[in-house]
Amino acid sequence: MQTSTTASPSALAASAPVSYGALGVLALFAAHCAGMVDLVGLPVWVGTLIGSYGFDPQQAGALVTLFLAGAVISSLVLSPFIHILPTRLWATAGFGVAACAFLAATQVRDFATLAVLHGAAGLAAGAGLSMAHGTMGRSSNPHKLFAFASLTLGVFGTVFLGGVPVLIAKHGGAVLFEVLAAIMAVATVLCLLCFPRVRANDQRVAHAPQAKLSRAVWFGMLGVGCMGLSQAMVFAFVQRIGIDGGFGEAAVAGVLIALGIVNLAPAPLAAWLQKRISARSVTLAGPLVQAVVAMTITHSSSFAPYAAATAVFAAIMIFTHTFAFGLLARLDATGRAVAATPAMLMTGAAIGPILGGALVKNLGYGAVGIAVCVMAVIAMFCFSRTPKEQQS
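**Observations regarding the overall build of the protein**
Phase 1 of the analysis: Helices and strands together make up the secondary structure of the protein, namely 18 helices and zero strands.
Phase 2 of the analysis: Going through the 392 residues of the protein one by one, you find that 57% of them count as buried.
Phase 3 of the analysis: When contacts within the protein are restricted to residue pairs at least 6 apart in sequence, those whose partners lie at least 24 apart make up 87%.
Phase 4 of the analysis: Total accessible area computed for the protein in this model is approximately 15,600 Å², and 70% of it derives from carbon and sulfur atoms.

And the structure:
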């Protein structure tokens, strides 16, 4: 690894972080929820494409994968230029285009057209999300802002999982895309009116050290990606696993509501434990716990183990990623690693639905749990490459 250079005092002064007002923070939180809607809505999304549109698991997974792949491409392309782009314009336009794409999806049912619209929505929403995360990273306290954004996403997820399945059951599958369009539209309006204004010539990135990222950073990023892949493989089909297991739609809907409530806990808990346990220990244990819970979900023949495991499954990823985020931020002082958070999470999430769909179609739900175990071994190896002295 090359030795990093040190920014001059004048550069550091020019790169001073900024504080955002309440309305600006509201816009960032709305953008975070809209851009990360897949994290909370994936089981309903895939389940609706299978149950209401008649697609097989592989086709349904492919559609969601197209959305996520578009978001990854946007993140990879735009993140290096966050310091020179008009972020309010890009965020507003991104979520506006995504809203239009989902609105158009309410009028069609064929796979090819839905595939194009999913890809377009992903590219657009990914652009808006990159602007939001980049702006969060330039705030006076990025860690705190991101933590509260995650908490907001948990509240949003509870409402989404509790209400959208009911609406779909009453009014049909097209309601899903109506809701997604409305979410993107709200983010569009708030970004247009309230998105924080940050100078396009902000010197934080321009004067950042240009050292190569260390191998430990790359391994840490890969570990997060592996956990994201496992998360998506299971989460995309958790609703169908319960329904096909004979537990009933009402019972499964209740489990999803419980999942949303549980998701409110991991972010504040991780913040409280920040100085009490090491980030490396959490990242090593996280994939293992994720694998055990995934096996419980995919192999349970009775409702209680399925319900308990499903309720906590997403929380494991949220909790572990909070520590991984802090660990990567300390390993890479330039902030480039954590700036790639959307690409890290959504690369795995983009592959997960279609890979999980292929496994379910050809080998059954149990194969998904086994695949998560394989990914857990890889993730644990990657996180083991990070320095032992790194503490949260």
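This is not the end of the story, as more comes after the structure.
**Re the environment of Gly-24**
Phase 1 of the analysis: Along the polypeptide, Gly-24 turns up in helix H2 (residues 22-35).
Phase 2 of the analysis: Ignoring any residue separated from it by four or fewer positions in sequence, one finds Gly-24 in contact with Cys-194 and Pro-196.

**Details of the side chain of Gln-231**
Phase 1 of the analysis: Turning to its location among the elements, Gln-231 is positioned in helix H10 (residues 215-235).
Phase 2 of the analysis: Here Gln-231 falls in the buried class, since its relative accessible area comes to 8%.
Phase 3 of the analysis: Dropping the residues within four chain positions of it, Gln-231 is found in contact with Gln-290, Phe-313, Ala-314 and Met-317.

**Side note on the packing of helix H3 (residues 37-51) against helix H4 (residues 57-78)**
Phase 1 of the analysis: At a minimum axis distance of 9 Å, the contact between H3 and H4 shows a crossing angle of 145°. Here H3 and H4 pass one another in a crossing that is right-handed. Seen from H3, the contacting residues are Asp-38, Leu-42, Trp-45, Val-46, Leu-49 and Ile-50; seen from H4, they are Pro-57, Ala-60, Leu-63, Val-64, Phe-67 and Leu-68.
Phase 2 of the analysis: Residue composition of the contact of H3 with H4, by class: eleven nonpolar, no polar and one charged.

**Observations concerning H4**
Phase 1 of the analysis: Helix length check: H4, at 22 residues, gives a terminal C-alpha distance of 32 Å against a target of 32 Å (1.5 Å per residue), a fit within 8%.
Phase 2 of the analysis: Put simply, Asp-56 is the residue that caps the front of H4, since its side-chain oxygen is 3.0 Å from the backbone nitrogen of Gln-58.

**Thoughts on the packing of H4 against helix H17 (residues 341-363)**
Phase 1 of the analysis: Between H4 and H17, whose axes approach to 8 Å, the crossing angle comes to 165°. What the angle tells us is that H4 and H17 run roughly antiparallel. Handedness of the crossing formed by H4 with H17: left-handed. Facing Pro-57, Gln-58, Gly-61, Ala-62, Val-64, Thr-65, Leu-68, Ala-69, Ala-71, Val-72, Ser-75 and Leu-76 of H4, the residues of H17 in contact are Pro-342, Ala-343, Met-346, Thr-347, Ala-349, Ala-350, Pro-353, Ile-354, Gly-357, Ala-358, Val-360 and Lys-361.
Phase 2 of the analysis: Tallied by class, the residues present in the contact of H4 with H17 amount to 17 nonpolar, six polar and one charged.

**Focus: the nonpolar core**
Phase 1 of the analysis: Core analysis: the largest hydrophobic core is formed by 124 residues, its most contacted members being Trp-45, Phe-160 and Phe-177.
Phase 2 of the analysis: In terms of residue count, helix H15 (residues 303-331) provides more of this core than any other element does, 13 residues in total.
Phase 3 of the analysis: Those residues in contact with Phe-177, other than ones at most four positions away along the chain, are Trp-45, Leu-49, Tyr-53, Phe-102, Ala-105, Thr-106, Leu-114 and His-118.

**Side note on the confidence of the model for the protein**
Phase 1 of the analysis: Here the protein averages 83 in pLDDT, and 86% of its residues register 70 or above.
Phase 2 of the analysis: Of the regions scoring below 50 in pLDDT, residues 200-209 engages in 23 contacts with residues more than four places distant in sequence or in other chains.

**Details of the packing of aromatic side chains**
Phase 1 of the analysis: Following the criterion strictly, the structure yields 13 aromatic pairs and no others.
Phase 2 of the analysis: Between Phe-55 and Phe-111, the aromatic rings sit 5.7 Å apart at their centres with planes inclined by 75°, giving edge-to-face as the arrangement. Taken as a pair, Phe-55 in the loop between H3 and H4 and Phe-111 in helix H6 (residues 111-137) lie far apart in primary sequence, 56 residues in all.
Phase 3 of the analysis: Since its relative accessible area comes to 8%, Phe-55 is described here as buried.
Phase 4 of the analysis: The exposure class assigned to Phe-111 is partly exposed, which follows from its relative accessible area of 30%.
Phase 5 of the analysis: These aromatic residues form a ring-pair network of at least three members: Trp-45, Tyr-53, Phe-55, Phe-67, Phe-102, Phe-111 and Phe-177.

**Here's the deal with the environment of Val-25**
Phase 1 of the analysis: With respect to the element layout, Val-25 can be found in helix H2.
Phase 2 of the analysis: Sequence-wise, Val-25 and Phe-195 are 170 residues apart; in three dimensions their C-alpha atoms are separated by 7.8 Å.
Phase 3 of the analysis: Apart from the residues lying within four places of it in its own chain, the contact partners of Val-25 are Tyr-20 and Leu-145.

**Brief notes about the pattern of salt bridges**
Where charged atoms from two side chains of opposite charge approach closely, those side chains can pair.
Phase 1 of the analysis: Evaluated as defined, the whole model comprises two salt bridges.
Phase 2 of the analysis: Between Asp-56 and Lys-361 there is a salt bridge, with its nearest N and O atoms 3.5 Å apart. Of this pair, Asp-56 sits in the loop between H3 and H4 while Lys-361 is found in helix H17, placing the two residues 305 residues apart along the sequence.
Phase 3 of the analysis: By relative accessible area, which is 47% here, Lys-361 ends up partly exposed.

Rules used throughout
- Residues numbered from 1 in each chain as written.
- Predicted model: local features only at pLDDT ≥ 70, side-chain atom pairs only at ≥ 80, totals over all residues.
- Heavy atoms only, no water.
- Helix = DSSP H or I, 4+ residues; strand = E, 2+ residues; numbered from the N terminus.
- Buried < 20%, exposed > 50% of the residue type's maximum accessible area, 1.4 Å probe, protein only.
- Contact = heavy atoms within 4.5 Å.
- Areas by Shrake-Rupley, 256 points an atom, 1.4 Å probe, with all protein chains shown as cover.
- Axes fitted to C-alpha atoms, helices over the stretch in contact; angles between N-to-C directions.
- Left-handed = near helix turned anticlockwise from the far one by under 90°.
- Nonpolar A, V, L, I, M, F, W, Y, C, P; charged D, E, K, R; others polar.
- Expected span 1.5 Å × (residues − 1).
- Polar contact = N/O pair within 3.5 Å; in protein donor to acceptor, adjacent residues only side chain to side chain.
- Parallel < 35°, antiparallel > 145°, perpendicular 65-115°, else oblique.
- Core = buried A, V, L, I, M, F, W, Y, C linked by side-chain atoms within 4.5 Å.
- pLDDT = per-residue confidence, 0-100.
- Phe/Tyr/Trp six-rings, centres within 6.5 Å; stacked < 30°, edge-to-face > 60°.
- Salt bridge = Lys/Arg side-chain N within 4 Å of Asp/Glu carboxyl O.

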